[in-house]
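# Working through the structure, step by step
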Amino acid sequence: MRTFNRTSLIAAIAALAAMPFAFAQSGAADPKVNAQPNANQSAAAAGTQAPAPSSAAIDTNFDGKVSRDEAVTSGMADVDFDAADTDADGLMTIAEYEASHASR
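In this report, we go over the structure that sits alongside the text.

Cut-offs used in this document
Residues numbered from 1 in each chain as written. Predicted model: local features only at pLDDT ≥ 70, side-chain atom pairs only at ≥ 80, totals over all residues. Heavy atoms only, no water. Helix = DSSP H or I, 4+ residues; strand = E, 2+ residues; numbered from the N terminus. Buried < 20%, exposed > 50% of the residue type's maximum accessible area, 1.4 Å probe, protein only. Polar contact = N/O pair within 3.5 Å; in protein donor to acceptor, adjacent residues only side chain to side chain. Salt bridge = Lys/Arg side-chain N within 4 Å of Asp/Glu carboxyl O.

## Regarding the environment of Asp 63
- Relative to the assigned elements, Asp 63 resides in the loop between helix H3 (55-58) and strand S1 (65-67).
- Classification of Asp 63 by relative accessible area gives partly exposed; the value is 44%.
- For Asp 63 and Thr 93, which are 30 residues apart along the polypeptide, the C-alpha to C-alpha distance reads 9.8 Å.
- Among the polar contacts made by the side chain of Asp 63, one reaches the main-chain amide nitrogen of Lys 65 at a distance of 3.0 Å.

## What to know about the side chain of Ser 100
- By secondary structure assignment, the location of Ser 100 is in helix H6 (residues 94-102).
- Under the relative-accessibility criterion, Ser 100 is labelled buried at 13%.
- One polar contact links the side chain of Ser 100 to the main-chain carbonyl oxygen of Tyr 97, over a distance of 2.7 Å.

## Side note on the pattern of salt bridges
- Summed over the entire model, instances satisfying the criterion amount to two salt bridges.
- As a salt-bridge pair, Arg 68 and Asp 78 come within 3.3 Å of each other at their nearest N and O atoms. Residue Arg 68 is found in helix H4 (residues 68-73), and its partner Asp 78 is found in helix H5 (residues 78-84); the two are separated by ten residues along the sequence.
- In this structure Arg 68 comes out as partly exposed when scored by relative accessible area, which is 31%.
- Exposure remark for Asp 78: the relative accessible area of 42% places this residue in the partly exposed category.
- Taking the shortest distance from any N to any O, the salt bridge between Asp 82 and Arg 68 comes out at 2.5 Å. Pair noted here: Asp 82 is in helix H5 and Arg 68 is in helix H4, with a separation of 14 residues, a long-range link.

Read these as layout, nothing more, since geometry by itself doesn't imply function.
Right, here's the structure in full:
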């Protein structure tokens, strides 16, 4: 009986000693914790127009075209995407992207 109590006590102490490590995880998994404003949000706060990101920075899957999801994720508004997608195929080519930003 005495051995059982000693083993239980050791297990309880080990569990208590490990608790701080379980709760000391970084906030990297939570996007709100380490959220960095994108260039458009920073520029809006400063009252200036942010430079447009390059098409290579927006093309996250590296297929040579920018989808609506990729554009919106980078901070581009839907109406701007529709204006840039001149052939209305739902994808913005590099030429379409550069032409839309050259006119600004």
